[in-house]
Amino acid sequence: MKSPSLIACIAALLSLPATAVGAQERAAAFEAPKAWAEFATLLHERYGYFARSGVDGERILAAFADRARTAPDDKAFINVLQHVAHNFADPHFVVGPLDSEDWSIAPTASDLFGRYDGGNFVISDVRENGDAAGQGVRPGMTVVRVEGLTPRAAVEDVTGRRFAELSALQIDFAFNVALAGHRKRARTLELADGGRQRRFALTASNDLAQRIEDGPLLTVERHGRIGVIRINNSLGDQKLIAAFGAALTGLSDTDTLLIDLRNTPSGGNTSVARGIMGHFVDHDRPYQMHVVPFETRVLGPTRKFVEYVAPFGTRYPGKVYVAGGRWTGSMGEGLMIGFDAIGATTVGSVLAHLLGALDNATIEGSGATIDLGTEQLFTVTGLPRESYRPTLYLDHAERTAQGDPVLAAIAR
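Residues numbered from 1 in each chain as written. Predicted model: local features only at pLDDT ≥ 70, side-chain atom pairs only at ≥ 80, totals over all residues. Heavy atoms only, no water.

Remarks on the overall build of the protein
Helix and strand content of the protein: 14 helices and 18 strands. For 412 residues, the compact-globule estimate of 2.2 N^0.38 gives 22 Å, and the protein sits close to it at 23 Å. Referenced to the eigenvectors of the C-alpha coordinate spread, the extents of the protein come out at roughly 85 × 55 × 45 Å. For the protein, long-range pairs separated by at least 24 residues make up 69% of all intrachain contacts whose partners lie at least 6 apart in sequence. (Helix = DSSP H or I, 4+ residues; strand = E, 2+ residues; numbered from the N terminus. Rg over C-alpha atoms; globule rule 2.2 N^0.38 Å. Contact = heavy atoms within 4.5 Å.)

Points about the sheet that holds strand 14 (residues 319–324)
In space, the six strands of this open sheet follow the order 9-10-11-14-15-18, with mixed pairing throughout. Taken across any chain shown, the strands that pair with only one partner, and hence form the sheet edges, are strand 9 (218–223) and strand 18 (392–393). For strand 15 (residues 345–348) and strand 18, the ladder comprises two bridges, and the chain directions are parallel. The partner of Val 347 across the bridge, within strand 18, is Leu 392. Packed onto the sheet, helix 10 (residues 239–250) meets strand 9, strand 10 (226–231) and strand 11 (256–260) and runs at close to 15° relative to strand 9. (Pairing = 2+ DSSP bridges. Axes fitted to C-alpha atoms, helices over the stretch in contact; angles between N-to-C directions.)

Remarks on the domain arrangement of the protein
Examined at the domain level, the protein breaks down into domain 1 (112–208) and domain 2 (215–351 + 388–411). Here domain 1 and domain 2 have C-alpha centroids that lie 29 Å from each other. Opposite the eight residues of domain 1 that make contact, domain 2 presents 10 residues. Approximately 850 Å² of surface area, both sides summed, lies buried where domain 1 meets domain 2, with 47% of it carried by carbon and sulfur atoms. Three residues stand out in domain 1 for area buried against domain 2, namely Asp 125, Arg 127 and Glu 128, and they jointly supply 70% of the buried area on that side. For the salt bridge of Arg 399 with Glu 128, the shortest nitrogen-to-oxygen distance reads 3.0 Å. Our count for the contact surface shared by domain 1 and domain 2 stands at six residue pairs in polar contact (both at pLDDT 80 or more). Elements that contribute at least two residues to the side of domain 1 that touches domain 2 include exactly strand 4 (112–116) and strand 5 (121–126). Residue contributions to the side of domain 1 that touches domain 2 peak at three residues, all from strand 5. In the side of domain 1 that touches domain 2, the residues fall into four nonpolar, one polar and three charged. (Domains from an automatic or database assignment. Buried area = accessible area lost by both parts, 1.4 Å probe. Salt bridge = Lys/Arg side-chain N within 4 Å of Asp/Glu carboxyl O. Polar contact = N/O pair within 3.5 Å; in protein donor to acceptor, adjacent residues only side chain to side chain. Nonpolar A, V, L, I, M, F, W, Y, C, P; charged D, E, K, R; others polar.)

Some remarks on the side chain of Glu 307
With respect to the helices and strands, Glu 307 occurs in strand 13 (residues 303–309). Within the structure, the side chain of Glu 307 is placed 3.4 Å from the side chain of Thr 270, a separation counted as a polar contact. Discounting residues that sit within four places of it in the chain, Glu 307 has contacts with Thr 270, Arg 274, Arg 285, Pro 286, Tyr 287, Gln 288 and His 290.

Overview of unusual backbone geometry
Of note, the amide linkage connecting Gly 96 to Pro 97 takes the cis form, showing an omega dihedral of 0°. Its location among the elements puts Pro 97 in the loop between strand 3 (94–96) and strand 4. The peptide bond linking Ala 106 to Pro 107 adopts the cis configuration, its omega dihedral lying at 10°. Mapped onto the elements, Pro 107 comes out in the loop between strand 3 and strand 4. Located in the positive-phi region is Asn 233, a residue other than glycine, with phi close to 45°. Among the secondary structure elements, Asn 233 is positioned in the loop between strand 10 and helix 10. By relative accessible area, Asn 233 is classed as partly exposed at 24%. (Buried < 20%, exposed > 50% of the residue type's maximum accessible area, 1.4 Å probe, protein only.)

Comments concerning the pattern of salt bridges
Throughout the structure, instances matching the rule amount to 21 salt bridges. A salt bridge links Arg 230 to Glu 128; the nearest nitrogen and oxygen atoms lie 3.0 Å apart. Here Arg 230 is found in strand 10, whereas its partner Glu 128 is found in the loop between strand 5 and helix 6 (131–134), with 102 residues between them in sequence. Assessed through its relative accessible area of 19%, Glu 128 is described here as buried. Three or more residues are tied together by salt bridges with common partners; here these are Glu 128, Glu 221, Arg 230, Asp 260, Arg 262, Arg 399 and Asp 404.

Quick look at the packing of aromatic side chains
Under the definition given, this model contains 14 aromatic pairs. With a centroid separation of 5.6 Å and 40° between ring planes, the pair formed by Trp 36 and Phe 39 is classed as tilted. Taken together, the residues span about one helical turn, with Trp 36 and Phe 39 both in helix 3 (residues 32–46) at a distance of three residues. Note on Trp 36: relative accessible area 4%, which makes it buried. On the accessibility criterion, Phe 39 (0% relative accessible area) is buried. The interplanar angle of 65° and the centroid separation of 5.4 Å between the aromatic rings of Phe 280 and Phe 339 together place this pair among those described as edge-to-face. With Phe 280 in the loop between helix 11 (270–277) and strand 12 (285–292) and Phe 339 in helix 13 (residues 331–341), this pair connects stretches of sequence that are 59 residues apart. A network of ring pairs unites the aromatic residues Tyr 47, Tyr 49, Phe 50, Phe 88 and Phe 93 as a single cluster. For Lys 319, the ring lying beneath its charged end belongs to Tyr 321, and the centroid distance is 5.2 Å. (Phe/Tyr/Trp six-rings, centres within 6.5 Å; stacked < 30°, edge-to-face > 60°. Lys NZ or Arg CZ within 6 Å of the ring centre and 35° of its normal.)

Here it is as structure tokens:
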């Protein structure tokens, strides 16, 4: 006969929701040293950008190994992995699940881009339609405080390391994460503007990302004989293929087309990209090259292949420009190098540098989810995608109340 206490325990367990039972099982199974070893192996074998200029993967893992192995629970372990990801200075490398107090994902949910010039932390670009632009934040302003912290302290908060230990690349990345703020929290910035200091109370940057997600897949404009198709971070939505074709048909009487990718900071897939580029080729054309590091590191032989775009839909006969900037990332960057390869003219500033083709992984015994680039991507001539710059290069590509630098450049 079972004891009353045992019966009560079994009854209590059976009454729990399945999600709660699953969480208890994960918590019971969690072993921090084992989970850390699996995470380190994942990066060593599959991450395409484990080491590059400004990023020493071995040093990063060494800096966090003790903290990860001694994490008291899975949540603390995931927090350590999030610090690790930030140290790799790669917007594609994201550790979840994210809660309301975690940092926002930049550039998807950011409206400011800044840089450290060795002395000051300066705003370089301001995203169109963000709260920062609406409140008058402008390039050239110096950041004095972020959420009450000095920029150096904010960088250390994002990375979990001392400022002096970080490379220039890591500092700039962490600074931009800090500018984006926490996912569900309003932001405060103190900026020096000429001879005066100003305080800005900004909405959570995730509000802008949500507004874009809830909006149209694309918008269409006309500027004289120039037609503009602006894609609104929808490169992962298969419905965009038909929407783009319809928009292109509506602009068939124009002489020049501008495909505006300045609002595509994240996501996408190659079928949507090929569904767009297919309107601008009359035969199969190569548009990007892939290298899979896992094959070399683990199996031996190198795996490298070139992806092609085939004709699709009605071909546009006019001149084609493709615009990108600080908020052009992932498949948006893929389209920039792809359109360059098939003969369009690219225009804009430095792109977002989301590294590689994204893949997902999990850690056994942990609730951690890992997004990272497992395929290195190159132009068809072998240039790393993150090194690509538009043909018509602009220092600043974002639209402002004063005008559109991209339209001005192609109208010359």
